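# Topology and contacts: notes
Given next are the chains, with one letter for each unit.
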Amino acid sequence: MKFPGEWKYKLKKAIGNYSKKHPKFRKIWKKILYAKRKLYYWNRSRNVTPDEKTVVFNSFNGKTYGCSPKAIYEYMLTKEEFADWNFIWAFKNPKAHKFLEKNPNTKVIEQTAKIYERELAKGKYWITNYRVPDHVWPKESQVYVQCWHGTPLKRLGYDLQTSENAIDSIPEIRAKYDMDAKKFDYILSPSRFASDTFSSAWNLKENGMEDKVLEVGYPRNDYLLNHNLDDIAKIKEKLNIPADKKVILYAPTWRDNQHESGVGFTYNLNVNFDKLRQELGEEYVMLFRVHYLVASTFSFEQYEGFIYNVSSYDDINHLYVIADLLITDYSSVFFDYGILKKPMLFYMYDLDDYKDSIRGFYFGIDTLPGDIITEEKDLPDAIRNSIRNFVYDETYQKFNQMFSHLEDGQASKRFVERVFADALGTK
């Protein structure tokens, strides 16, 4: 049975597969697409004057309502100074987020090129934790804030020494970071470590752009310091999690070398959930959260009551606060989760390959505040030990001092005071 646009999907997949094997063709094809799309954006924006009181928000390329853009938006809603401002949110699935329009100043749009790019052209401010499309360039009068989405363990951009990225070569990756650095006015940083890393990854120092780093903490982490017990109870009720069960949050990252043309990045689970349920099912439940870049779909119907697939749940902060233990690998989620001073465990089944071939790390894994497991058979005992014998020890304290020293629940306030200083007359 054919579906609408099937020929486009097949053509895109064929071009993607051919591009992986022929770098020269990939380079030419990307240039053609860039030129075409840039012309379209120029046409959509050329006669538009950005509105001084309009902000366009985007989180994870339109996939969620969360992260720092959400925190900044909700903080702005509480301030009288922004009572007459316009807020635009772009989503892949706008119907699921129409509730935001209960605020009369907020408009929810579908993130298609025609609609999204027209709104970008209208907005004075762009607040996103994801790169804007390559062909979209802000005007001189516009302010683009790259909030990014985490403190990095994995090397980025110009710091990559080796890479098995299935889509881009290292020179192509660096070109993307160069382009983004030229576009944004600020890149948000939660710590001195992150500031130094972002300056290096985006090559800001070499290009005299170090003043673009905005080191004020992550607004998204304000919630982790300001939530209460009622919030936890409501989230558990919403997800139908039994009150008598301990909660494990499993949030692995994506692999650069696992990609299917026409589909996107995929992920191999590498976990025996049957064994975990057998060993832990009476006392624990597990929340599974796949990385936002992963296109794989997972069905856990056979594990109903033990595994909850929360990959599409908007705000990961809600999952952090109800979890008794975080299991991850190389994802930056552990930097934020550490603010809660709760146990975490690192399941790195492909550690040697990842650190030596796929990406590489910014610091030694002995800095991590939790046990590192490389064998699947060790998971059940490691989970029990991590929860039952947890101590907020010196290693964990030093970890938070290094990566979360700015997190005090006031990052949104500092962000708004800096970015909107001209509009508020406080500069």
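Turning our attention to the overall build of the protein. Looking only at helices and strands, the protein has 16 helices and 15 strands in total. By the burial criterion, 54% of the 427 residues in the protein qualify as buried. Looking at the protein alone, contacts between residues at least 24 apart form 70% of all its contacts between residues at least 6 apart. Per element, the accessible surface of the protein, about 20500 Å² overall, is 49% carbon and sulfur.

Its identity as a non-glycine residue notwithstanding, Asn61 has a phi of 60°, on the positive side. With respect to the helices and strands, Asn61 occurs in the loop between β1 (51–58) and α3 (67–77). Given a relative accessible area of 24%, Asn61 falls into the partly exposed group. Even without being glycine, Lys341 reaches a positive phi, approximately 60°.

This model, assessed by the stated rule, comprises 20 salt bridges. Residue Lys98 is joined to Glu101 by a salt bridge in which the shortest nitrogen-to-oxygen separation is 3.5 Å. Judged by relative accessible area, Glu101 falls into the partly exposed class, the value being 32%. Here Lys176 ties to Asp134 by a salt bridge, and the two come within 3.2 Å at their closest N and O atoms. Taken as a pair, Lys176 in helix α5 (residues 170–183) and Asp134 in the loop between β4 (123–128) and β5 (143–146) lie far apart in primary sequence, 42 residues in all. Accessibility expressed as a relative area gives 22% for Asp134, which makes it partly exposed. Each of the salt bridges in this network shares a partner with another, and the network as a whole consists of Lys107, Glu119 and Lys122.

Within the protein, residue pLDDT values average 88, and 87% of them lie at 70 or more. Predicted confidence for residues 255–267 stays below pLDDT 50, and this span has 57 contacts to residues more than four positions away or in other chains. A low-confidence stretch, residues 292–296 stays under pLDDT 50, and its non-local contacts, those more than four residues away or across chains, total 18 contacts.

This part covers the nonpolar core. Among the nonpolar cores identified, the biggest contains 96 residues, and Trp202, Phe415 and Phe420 are the most heavily contacted of them. In this structure Phe420 touches Val55, Met76, Phe82, Trp85, Tyr125 and Phe415, once residues within four positions along its chain are discounted. Residues Met286, Ile327, Tyr347 and Ile387 belong to the second largest nonpolar core, which totals 23 residues.

Right, let's get into the sheet that holds β1. Taken in spatial order, the 7 strands line up as β3-β2-β1-β4-β5-β6-β7 in an open sheet, and their pairing is parallel. Of all the strands in the sheet, the pair left with one neighbour each is β3 (106–110) and β7 (213–215). Each strand axis lies, on average, 25° off the axis of its neighbour in the sheet, ignoring direction. Two strands pair when backbone bridges link them, and strand β2 (residues 86–91) and β3 are joined in this way by 5 bridges, in the parallel orientation. Considered in β3, the bridge of Ala90 is made with Ile109.

With that out of the way, let us pick up the environment of Ile339. By the secondary structure assignment, Ile339 is in the loop between α11 (333–337) and β14 (344–347). With relative accessibility at 12%, the residue Ile339 sits in the buried group. Each C-alpha atom of the pair Ile339 and Gln401 lies 9.9 Å from the other, and the pair is 62 residues apart in sequence. What Ile339 contacts, discounting residues up to four positions off in sequence, is Asn221, Leu224, Leu225, Asn400, Ser404 and Glu407.

Moving on, we come to the pairing of strand β11 (residues 284–288). Across the 5 residues that make up β11, a large majority, 5, are buried. A two-sided burial pattern is seen for β11, the buried positions comprising Tyr284, Met286 and Phe288 on one face and Val285 and Leu287 on the other. Bridge count for β11 against strand β12 (residues 307–309) is 3 bridges, and the pairing is parallel. Paired with Met286 across the two strands is Ile307, which belongs to β12.

Looking now at the side chain of Gln111. Its location among the elements puts Gln111 in the loop between β3 and α4 (113–122). Here the side chain of Gln111 touches Gly62 through a polar contact of 3.4 Å, landing on its backbone nitrogen. Residues in contact with Gln111, not counting those within four places in the same chain, are Asn58, Asn61, Gly62, Ala90, Phe91, Lys92 and Tyr116.

On to the sheet that holds β12, then. Taking strand neighbours across the sheet as the criterion, the 6 strands line up as β12-β11-β8-β13-β14-β15 in an open arrangement whose pairing is parallel. The sheet is open, and its two edges are formed by β12 and β15 (372–373), each paired on a single side. Relative to strand β13 (residues 325–328), strand β8 (residues 246–250) runs parallel, the two sharing 3 bridges. Considered in β13, the bridge of Leu249 is made with Leu326.

This next bit is on the pairing of strand β6 (residues 186–189). The side-chain alternation of β6 yields two buried faces, one formed by Tyr186 and Leu188 and the other by Ile187 and Ser189. In the sheet, β5 pairs with β6 via 2 bridges, with the strands oriented parallel. Considered in β6, the bridge of Gln146 is made with Ile187. Where β6 meets β7, 3 bridges bridge the pair, whose relative direction is parallel.

Take the packing of α3 against helix α15 (residues 411–419) next. Viewed as axis vectors pointing N to C, α3 and α15 meet at an angle of 75°, and their least axial separation amounts to 9 Å. Taken as axis vectors, α3 and α15 run roughly perpendicular relative to one another. Contacts between α3 and α15 pair Ala71, Ile72, Tyr75 and Met76 from the former with Ser412, Lys413, Phe415 and Val416 from the latter.

If you trace the backbone, Lys212 turns up in the loop between α6 (192–201) and β7. Here Lys212 is buried and forms no salt bridge, its nearest opposite-charge partner Asp185 lying at an N-O distance of 6.3 Å. Beyond its immediate chain neighbours, meaning those up to four positions away, Lys212 contacts Ala181, Lys182, Phe184, Asp185, Tyr186 and Ile187.

Calculation criteria
Residues numbered from 1 in each chain as written. Predicted model: local features only at pLDDT ≥ 70, side-chain atom pairs only at ≥ 80, totals over all residues. Heavy atoms only, no water. Helix = DSSP H or I, 4+ residues; strand = E, 2+ residues; numbered from the N terminus. Buried < 20%, exposed > 50% of the residue type's maximum accessible area, 1.4 Å probe, protein only. Contact = heavy atoms within 4.5 Å. Areas by Shrake-Rupley, 256 points an atom, 1.4 Å probe, with all protein chains shown as cover. Salt bridge = Lys/Arg side-chain N within 4 Å of Asp/Glu carboxyl O. pLDDT = per-residue confidence, 0-100. Core = buried A, V, L, I, M, F, W, Y, C linked by side-chain atoms within 4.5 Å. Pairing = 2+ DSSP bridges. Axes fitted to C-alpha atoms, helices over the stretch in contact; angles between N-to-C directions. Polar contact = N/O pair within 3.5 Å; in protein donor to acceptor, adjacent residues only side chain to side chain. Parallel < 35°, antiparallel > 145°, perpendicular 65-115°, else oblique. Lys, Arg positive; Asp, Glu negative; His and termini not counted.

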